[in-house]
Amino acid sequence: MAHSYDPHTIEAKWQARWAAENVFAAREDLGKRKSYLLVEFPYPSGAGLHVGHVRSYSAMDAIARKRRREGQEVLYPMGWDAFGLPTENYAIKTGRPPQEITQENIATFRRQLQSLGLSFDWNREINTTDPSYYRWTQWIFIQLFKRGLAYKAKGWINWCPSCKIGLANEEVVDGGCERCGAPVEKKEREQWMLRITAYAQRLYDDLDTVDYIERAKVGQRNWIGPSKGAIIPFALAGEEGEGKEVVEVFTTRADTLFGVTFLVLAPEHPAVERLLSSLSNRDEVDDYVKAALKKKDFERTAEGKEKTGILLKGIIALHPATKDPLPVFVADYVLPHYGTGAVMGVPAHDERDGEFAQRYHLPIKQVVRPHDGSVASLPFAQDGVLVNSGQFDGMTSEEARKAIMDAVGGREHTTYRLRDWVFSRQRYWGEPIPMVYCERCGWQPLPEESLPLELPELKEYQPTEEGDSPLARLEEWVRTTCPACGGPARRETDVMPNWAGSSWYYLRYTDPYNNEALASSEKLAYWMPVDWYNGGMEHTTLHLLYSRFWHKFLYDIGVVPTQEPYARRTSQGLILAADGSKMSKSKGNTVNPDEVVEQYGADTLRAYEMFMGPFDQPVAWSINGLVGIRRFLERVWSLLERVEERQPSQEALTLMHRTIKKVSEDIEAMKFNTAIAALMEYTNALMKEASIPKTALAALFSLLEPFAPHIAHEGWERLAGKGALLCKEPWPQWDPAVLQEGEVTVAVQINGKTRATVSVAAGSTEEDIHKAALAHPRVAQALAQQNIQRVVVVPGRVVNFVVRERQ
Ligand code: ANZ
Ligand code: ZN
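Reading guide: rules and limits
Residues numbered from 1 in each chain as written. Chains lettered and ligands numbered in written order. Predicted model: local features only at pLDDT ≥ 70, side-chain atom pairs only at ≥ 80, totals over all residues. Heavy atoms only, no water. Helix = DSSP H or I, 4+ residues; strand = E, 2+ residues; numbered from the N terminus. Buried < 20%, exposed > 50% of the residue type's maximum accessible area, 1.4 Å probe, protein only. Areas by Shrake-Rupley, 256 points an atom, 1.4 Å probe, with all protein chains shown as cover. Lys, Arg positive; Asp, Glu negative; His and termini not counted. Charge placed at Lys NZ, Arg CZ, Asp CG, Glu CD. Donors = N, O, S within 2.8 Å, 3.2 Å for Na, K, Ca; no water. Tetrahedral: all angles 85-135°; square planar, octahedral: opposite > 155°, others 65-115°. Axes fitted to C-alpha atoms, helices over the stretch in contact; angles between N-to-C directions. Left-handed = near helix turned anticlockwise from the far one by under 90°. Contact = heavy atoms within 4.5 Å. Salt bridge = Lys/Arg side-chain N within 4 Å of Asp/Glu carboxyl O. Core = buried A, V, L, I, M, F, W, Y, C linked by side-chain atoms within 4.5 Å. Near = heavy atom within 4 Å. Polar contact = N/O pair within 3.5 Å; in protein donor to acceptor, adjacent residues only side chain to side chain. Pairing = 2+ DSSP bridges. Phe/Tyr/Trp six-rings, centres within 6.5 Å; stacked < 30°, edge-to-face > 60°. Lys NZ or Arg CZ within 6 Å of the ring centre and 35° of its normal. Parallel < 35°, antiparallel > 145°, perpendicular 65-115°, else oblique.

Participant: Explain the overall build of the chain to me, please; I cannot follow it from the model alone.
Facilitator: Looking only at helices and strands, one finds 26 helices and 34 strands in the chain. Structurally, the chain occupies a C-alpha span of about 105 × 85 × 50 Å along its principal axes. When burial is assessed residue by residue, the chain has 54% of its 807 residues classed as buried. Roughly 34,600 Å² of accessible area belongs to the chain as shown, and the carbon and sulfur atoms make up 50% of that amount. Here the chain carries 95 positive and 107 negative side-chain charges, and the mean point of each set is 3 Å from the other.

Here you go:
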């Protein structure tokens, strides 16, 4: 066929035209409704673009293209989250500068994205490794520091001995390094920390104000994990009754205080080290503590794992109400960084304490019984009525929690599972932390006017043997003067983690060239918040939470106009390999988008990824599916040969309006697969016509544009005349009147007896008629107790449910 569908020519032509006319540039037009649509910017790895990126980006592109044509001012930007370990590891291996490797990878990613015809506003491209960008990342860090939200602390960090890097808790997966899988160890180190816990409650509460996919909300809530309880002081004493110190415990069950028969400290609890000298078994304790530090949290707390501990000989605790002496243990099932790192042991009501008491033959004292007076098996972990609790007997757990807390000088406290954010990496390829240390003045931020503090160039990117950043070898860079007193000082050599640049990037897109501020308040006022953010579920607890934290902080200091960065969050499902397994480079089962574009065309790839299954569900790659979409586009193309200037039939017109309605609604609901199915149905209906009415075919190209923009533009231009530009045309409207006229009434029968009538669109499929009938309340009720054996549909007339009565 002379005019056969040739995606390569068409795609190159339209990409060039869109770029030349800058058609996707976003402007701050106050007269228009704005729509800020965001997708997660990629890490430009050496592997190139993944088909998973394409799924997310094509989906948002469909929405962006539709909304522009509806008259909205759309910002749909793209950039590079380019600091990170893989590039750095590659630099170590090859000796080439990460800057250079990054530029190459970015060039590949940009070319790949542009070959897909995504309607990004390329004028706003950003790159987190560009000094003009990370200048503002450093600026934000200094603001955090000035307000006490960035601090240096010695702590036990997760340490990957193979990557030689400190890891955040969330980067430890099943006890192994998220990147290389090596078993993670504990190491004590000075680290920069960000006090995200200061925002824990707001991060939790304000989830109620945003529209996030439910599993992202649940994920964040669990991650923040607030737990309301009380802090209760226990005085420690030596053998002779001499006072030692006061240990505070965190408990959610202050009502069980009279059931406390021992006290437990985490091995890392600071009191343990202070008490060591007064213990008669200090060696034994010391050994236990050292062994505990080697274990991972999950090994210490795993359910069913035998609880171990060591009695601190020579020390007792005093029960705060009864003043009875209680034994004190260290035990590794108590974690250092939860609550206060100390627990009151209530074996009758807490499972773990119960196991521990059994193992060490400690008394078990029941102080709560069930409300109904029944005998409870221990441990009894529910609320109930107090017994054996002196003046508190007879109170409910609820009442007693407050009464007992007040009686012993306790206070209310909420503990969070969320930890402060480890913000140091002993590596090179990250933002330099703009701080210097002066013996006289302590940690001082660099003057803001001096930013950016640029990453110096190196010859060697390997961390030092001690696990310090390679920057530590640059003595002449490290040595500097104190901004406060002018005396000698040393620069911080740690760099920021790879989550830093992505914590505020969506703000920079609004004003990417600003040299006075991270973005102007006018631009921020126009564009913020992001109206719709789509990305992967794997970023729910890290990136999404970190960026919400920074945003709230920036709001507090008056930099951004909204409390939340993202009004709405959706998530695409994973694309799996053809056999349903996870795609991975090591398994060699990845699909290279370049090859698909080369073989089938960008429109086929894009439309296929939108058609492959429900957007939020995982789905396996299928060559057959891909080929099916290519055939569909060829069918659409072939319709051009039979166009005629004529009025469409009533039936074709009805179907056209029904398709406009369906596609419009489905795009906003991210039901891209059913939108494309409707376009296929419409195409098949047109195929049956002897000639194709021009308006009907124009509507098809118009509706196809969000999914397959190149063929749609080409088809449109052929119908509308040379130079016509579909993306500047208004989005088609459906006419409710046409849809009404096109309705037919169908009788709904049960075993041949008419029970109701429903009206459906003319030309509805059997399935649609079936569904409409079932949705009728009278029919639904009549069928509720029945076994449907068979459904007979006479399109446009009758639907008959053949049923057998249930026994
Ligand atoms: C006494 C008690 C009695 C407790 C009882 C529970 C039931 P959630 O709900 O997860 O916040 N706990 C406190 N700090 C701990 C730590 N650092 N390591 C391990 N366990 C710790 O759990 C709160 C409960 O976990 C606290 O309440 C404490 O045990 C324990 F019938 O105190 B409870
Ligand atoms: Zn100084």
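Next comes the rest of the description.
Participant: In this structure, what is going on with the coordination of the zinc ion (ligand 2)? I would like to understand it.
Facilitator: A four-donor tetrahedral metal ideally has 109.5 degree angles, and a six-donor octahedral metal ideally has angles of 90 or 180 degrees. Taken together, the protein donors to the zinc ion (ligand 2) comprise C438 (SG), C441 (SG), C482 (SG) and C485 (SG), at separations of 2.2 to 2.4 Å. Of note is the zinc ion (ligand 2), whose four donor atoms meet at the metal with angles of 105 to 115° in an arrangement that counts as tetrahedral. Spacing between the donor residues of the zinc ion (ligand 2) along the chain follows C-x2-C-x40-C-x2-C. Pair noted here: C438 is in strand β21 (residues 435–438) and C485 is in the loop between β23 (479–481) and β24 (488–491), with a separation of 47 residues, a long-range link. A residue is classified by how much of its surface remains accessible, and C438, at 2% relative accessible area, is buried.

Participant: What's the story with the packing of helix α19 (residues 623–638) against helix α22 (residues 694–704) in this structure? I'm lost.
Facilitator: When two helices pack together, their arrangement is given by the angle between the helix axes and the distance between those axes. α22 packs onto α19 with a crossing angle of 145° between their chain directions and a minimal axis gap of 11 Å. The hand of the α19/α22 crossing is left-handed. Residues F632, L633 and V636 of α19 touch α22, and the partners they reach there are L700, F701 and L704.

Participant: Quick question: what am I supposed to make of the pattern of salt bridges here?
Facilitator: Opposite charge on two side chains lets them pair, provided their charged atoms get close. All chains considered together, the criterion is met by 55 salt bridges. Here R411 and E248 are joined by a salt bridge, their closest N and O atoms 2.9 Å apart. Of the two residues, R411 is situated in strand β19 (residues 411–416) and E248 in strand β12 (residues 243–251); the sequence distance between them amounts to 163 residues. Accessibility expressed as a relative area gives 42% for R411, which makes it partly exposed. Owing to a relative accessible area of 30%, E248 belongs among the partly exposed residues under this scheme. A salt bridge links E306 to R359; its shortest N-O distance comes to 3.4 Å. Here the residue E306 occupies a position in the loop between α10 (297–301) and β14 (309–318), and R359 occupies one in helix α11 (residues 351–359), the gap between them amounting to 53 residues. A residue is classified by how much of its surface remains accessible, and E306, at 53% relative accessible area, is exposed. Here the residues in one salt-bridge network are D61, R65, R69, R606 and E705, joined through shared partners.

Participant: Any chance you could explain the nonpolar core here in plain terms?
Facilitator: Nonpolar side chains in soluble globular proteins tend to end up buried together. Counting 167 residues, the largest nonpolar core has L518, W550, W621, F672 and F707 as the members making the most contacts within it. Not counting residues up to four positions away in its chain, the partners in contact with L518 are W136, W139, I140, W504, L507, R508, D511, L554 and V559. Counting 50 residues, the second-largest nonpolar core is a separate cluster that includes A230, V272, I310 and F380.

Participant: I keep staring at the environment of P370 and nothing clicks. Help me out?
Facilitator: One can find P370 in the loop between β17 (368–369) and β18 (385–386). On the accessibility criterion, P370 (9% relative accessible area) is buried. With residues up to four places along the chain from it excluded, the contact list for P370 reads A376 and F380.

Participant: It is not clear to me how α22 should be interpreted in this structure. Could you clarify?
Facilitator: Along an α-helix, a turn takes 3.6 residues, which lines up residues three or four apart on a common side. The element α22 is extensively covered by neighbouring structure, given that nine of its eleven residues are classed as buried. Along α22, the positions that sit buried rather than exposed are A696, L697, A698, A699, L700, F701, S702, L703 and L704.

Participant: Explain the site of ligand 1 here, please?
Facilitator: Neighbouring ligand 1 are 17 residues, the closest being S227, T251, L335, Y338 and H349. At 2.5 Å from an oxygen atom of ligand 1 is found a side-chain nitrogen or oxygen belonging to Y338. For ligand 1, the protein covers 83% of the area, taking 650 Å² as the surface of the free molecule. If you list the elements that add at least two residues to the shell around ligand 1, you get β12 and β16 (342–345).

Participant: Please clarify how the pairing of strand β13 (residues 262–265) should be interpreted in this entry.
Facilitator: In summary, the side chains of a regular strand alternate between the two faces of the sheet. Where burial is concerned, the two faces of β13 agree: the one with F262 and V264 and the one with L263 and L265 are both buried. Strand direction decides the pairing type here: β13 and β16, joined by four bridges, are antiparallel. What sits directly across from V264, in β16, is V343. Bridge count between β13 and strand β15 (residues 325–331): three bridges; the pairing is parallel. Directly across from V264, in β15, lies its bridge partner F329.

Participant: I tried to follow the sheet that holds strand β1 (residues 34–39) on my own but got confused; where do I start?
Facilitator: In sheet architecture, strand pairing relies on hydrogen bonds along the backbone and comes in two forms, parallel and antiparallel. Strand order in the open sheet formed by five strands is β2-β1-β25-β26-β10, with parallel pairing between adjacent strands. Of all strands in the sheet, those with a lone pairing partner are β2 (73–75) and β10 (211–212), marking the two edges. Of the strand pairs in this sheet, β10 and strand β26 (residues 568–571) are connected by two bridges, and their pairing is parallel. For D211, the partnering residue across the bridge sits in β26 and is R568. Along the sheet face, helix α2 (residues 51–69) touches β1, β2 and β25 (532–535) and points at about 170° away from the line of β1.

Participant: Sorry, what's going on with the pairing of β14 here?
Facilitator: As paired elements, strand β11 (residues 226–238) and β14 share four bridges and run antiparallel to each other. Residue pairing across strands places A237 opposite I316, the latter belonging to β14. The sheet contact formed by β14 and β15 spans six bridges and is antiparallel. The residue of β15 that forms the bridge with L318 is P325.

Participant: Would you explain the packing of aromatic side chains in this entry?
Facilitator: What describes a pair of aromatic rings is the distance from one ring centre to the other and the angle between the planes of the rings. Enumeration over the complete set of coordinates arrives at 43 aromatic pairs. Ring centres of Y533 and Y566 lie 4.5 Å apart, and the angle between their planes is 45°; this geometry places the pair in the tilted category. Of this pair, Y533 sits in strand β25 while Y566 sits in the loop between α16 (543–556) and β26, and the two are 33 residues apart along the sequence. Note on Y533: relative accessible area 0%, which makes it buried. Assessed through its relative accessible area of 0%, Y566 is described here as buried. Across from the ring centre of W159, 4.2 Å away, lies the NZ or CZ of K187, which sits over that ring.

Participant: Got a minute to help me understand the sheet that holds β23 in this structure?
Facilitator: Strand order in the open sheet made by the four strands is β22-β21-β24-β23, with antiparallel pairing throughout. Two strands lie at the open edges of the sheet, namely β22 (442–445) and β23, each paired on one side alone. For this sheet, the mean angle separating the axes of adjacent strands, direction not counted, is 40°. As defined by bridge partners, β21 adjoins β24 across three bridges and the pair is classed as antiparallel. The residue bridging V436 from the neighbouring strand is R491, located in β24.

Participant: Sorry, what's going on with the environment of A317 here?
Facilitator: Inspection of the secondary structure assignment puts A317 in strand β14. The exposure class of A317 is buried, given its relative accessible area of 0%. Filtering out sequence-adjacent residues up to four positions away, A317 remains in contact with A235, L236, L263, D324, P325, L326 and V328.

Participant: Teacher, can you tell me more about the environment of L474 here?
Facilitator: Tracing the sequence through the fold places L474 in the loop between β22 and α13 (475–478). Remark: the alpha-carbon pair of L474 and Y437, spanning 37 residues in sequence, is separated by 16 Å. Those residues in contact with L474 that lie beyond four places of it in its chain are P456, E457 and L458.

Participant: Would you mind showing me how to read the packing of α2 against helix α20 (residues 650–668) here?
Facilitator: At a closest axis distance of 9 Å, the pairing of α2 and α20 adopts a crossing angle of 125°. Taken as axis vectors, α2 and α20 run oblique relative to one another. Every pair of crossing elements has a handedness; the one defined by α2 and α20 is left-handed. Residue-level contacts link A62, I63, K66 and R67 of α2 to S664, I667 and E668 of α20.

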